[in-house]
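# Coordinate analysis (summary)
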Amino acid sequence: MSRVIVVTSGKGGVGKSTCTANLGSALVKLGKKVALVDADFGLRNLDLLLGLENRVVYTAIEAIAGECRLEQALVKDKRQNGLVLLPAAQNRNKESVTPTQMKQLIMRLNKAFDYILVDSPAGIEMGFRNAIAAAREALIVTTPEVAAVRDADRVVGLLEAYGIKRTRLIVNRLKPEMVKQNEMMSVEDVLEILAIPLLGIIPDDKQVIVSSNRGEPLVLGDKQNDLPATAFMNIARRLEGEKVPLLNLMAHQEGFLARIRRIFAS
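Residues numbered from 1 in each chain as written. Predicted model: local features only at pLDDT ≥ 70, side-chain atom pairs only at ≥ 80, totals over all residues. Heavy atoms only, no water.

### Quick notes on the packing of aromatic side chains
For clarity, the cut-off: Stacked, tilted and edge-to-face pairs are distinguished by plane angle, under 30 degrees for stacked and over 60 for edge-to-face with tilted covering the rest, among Phe, Tyr and Trp rings (Trp via its six-membered ring) whose centres lie within 6.5 Å. Starting at the N terminus, helices and strands are each numbered in turn, a helix being any DSSP run of H or I of at least four residues and a strand any DSSP run of E of at least two. With a 1.4 Å probe rolled over the protein chains alone, any residue whose accessible area is under 20% of its type maximum counts as buried; one over 50% counts as exposed, and the rest are partly exposed. Over a ring means this: the NZ of a Lys or the CZ of an Arg is within 6 Å of the ring centre and within 35 degrees of the ring normal.
Following the criterion strictly, the structure yields one aromatic pair and no others. Centroid distance F128 to Y162: 6.4 Å. Interplanar angle 65°. Geometry classified as edge-to-face. Separated by 34 residues along the polypeptide, F128 in helix α6 (residues 126-132) and Y162 in the loop between α7 (146-161) and β7 (166-174) bring together distant segments of the chain. The class for F128 is buried, based on a relative accessible area of 1%. Sitting above the plane of the F113 ring, K33 keeps its charged end 5.8 Å from the centroid.

### Focus on the pattern of salt bridges
Condition: We define a salt bridge as a contact between a side-chain nitrogen of Lys or Arg and a carboxyl oxygen of Asp or Glu at a distance within 4 Å.
For the coordinates displayed, the defined rule picks out nine salt bridges. Two residues, E137 and R166, come together in a salt bridge whose shortest N-O distance is 3.8 Å. Of this pair, E137 sits in strand β6 (residues 137-142) while R166 sits in strand β7, placing them 29 residues apart in sequence. Taking the relative accessible area as the measure of exposure, R166 reaches 43% and is therefore partly exposed. E137 is paired through a salt bridge with R168; the nearest N and O atoms lie 3.2 Å apart.

### Side note on the packing of helix α1 (residues 16-29) against helix α11 (residues 227-239)
So the rule is basically this: Every axis corresponds to a line fitted to the C-alpha atoms, with the helix fit spanning only the stretch in contact, and the corresponding angles, defined between N-to-C directions, vary from 0 to 180 degrees. Left-handed describes a crossing whose near helix is turned anticlockwise from the far helix through less than a right angle; right-handed describes the clockwise counterpart. Two residues form a contact once any of their heavy atoms are found within 4.5 Å. Ten residue types, Ala, Val, Leu, Ile, Met, Phe, Trp, Tyr, Cys and Pro, are classed as nonpolar, four, Asp, Glu, Lys and Arg, as charged, and the remainder, Gly among them, as polar.
Where α1 meets α11, the closest approach of the two axes is 9 Å, and the angle between their N-to-C directions is 65°. Judged by the twist between their axes, the crossing of α1 over α11 is right-handed. Touching T18, C19, N22, L23, A26, L27 and K29 of α1 are F232, M233, I235, A236 and L239, all from α11. A per-class count over the contact of α1 with α11 returns nine nonpolar, two polar and one charged.

Structure below.
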C-alpha cells in the first residue's frame, strides 16, 4: 500500500510544487516507485518543473471521466524509471473534480507505487479538499515569512479537522544571514507558532530557480553537493525513517542547532 502524502501550504508561492518535484525524484533515487499527482486544476505547473509538459496527452480529468485509462494519463519521467506524473487539467477549474472522485482516482494507484505525493493548490477551498481527500500524511511547506506562517497555521488546523494526524513541516527559502541579522523569522520562530515536527529546511539558493526553469529537479543535477539538493535528499531519507541530521545552515546562530537536536530527539 502506498504512502499517500499531500504537499500543501496556506499561501501560494512558497515553493510547494518545487518541493514535490524534488522529493519525488529524491525518493526514486532511494529506490522507491513514486507517483506525483498535480491537484492544482486550472493552474498546473508540476509538469513544467519536471520538464514533461510536452508529453502530457491526457489528464486526471479524462481519467476520471473514463475517456482514457488511468495508465494512459500517467506521464513517465524521461530520466527516472519509477517516477510518473498524473497531470491536472489546465482548462478546468477546481470545481470540475470532487473530493470523492480524487480519492477514488488516487486509490487506484495505491498498489503500484510506494509513494503518492499530491501537490495541493494554495488556499483552503475545493482544490485543497480534493488534494487531501486520499492523504494519510501531510507535508506543510512554508517560507519564514509572517503571512506564509500564519496561513500555514490555519492549514494545520484544517488538516487535523479532516483527520490527517501525521503532519510535518518543511521550511523553505531560509536565508541564514537575514535570520542572523533579525531580518527574517528563524526556524525556531516558525516552529513555535506551528508546533508541528520539523522534517527539513531548504536554504534559499538561485540554483533552485535555475533548475525549475530548466524543468530538471535539483536533486538530478550535476551539482548534487549543493546544499538545496542535499537538503531535499535528506528530507526524502527522513521520510524513509532514517535519522539524518539537519544541515548546518545556521552555524553562527547560537543555540539554533541545540534546539533542533532537541526537537528531533523528542
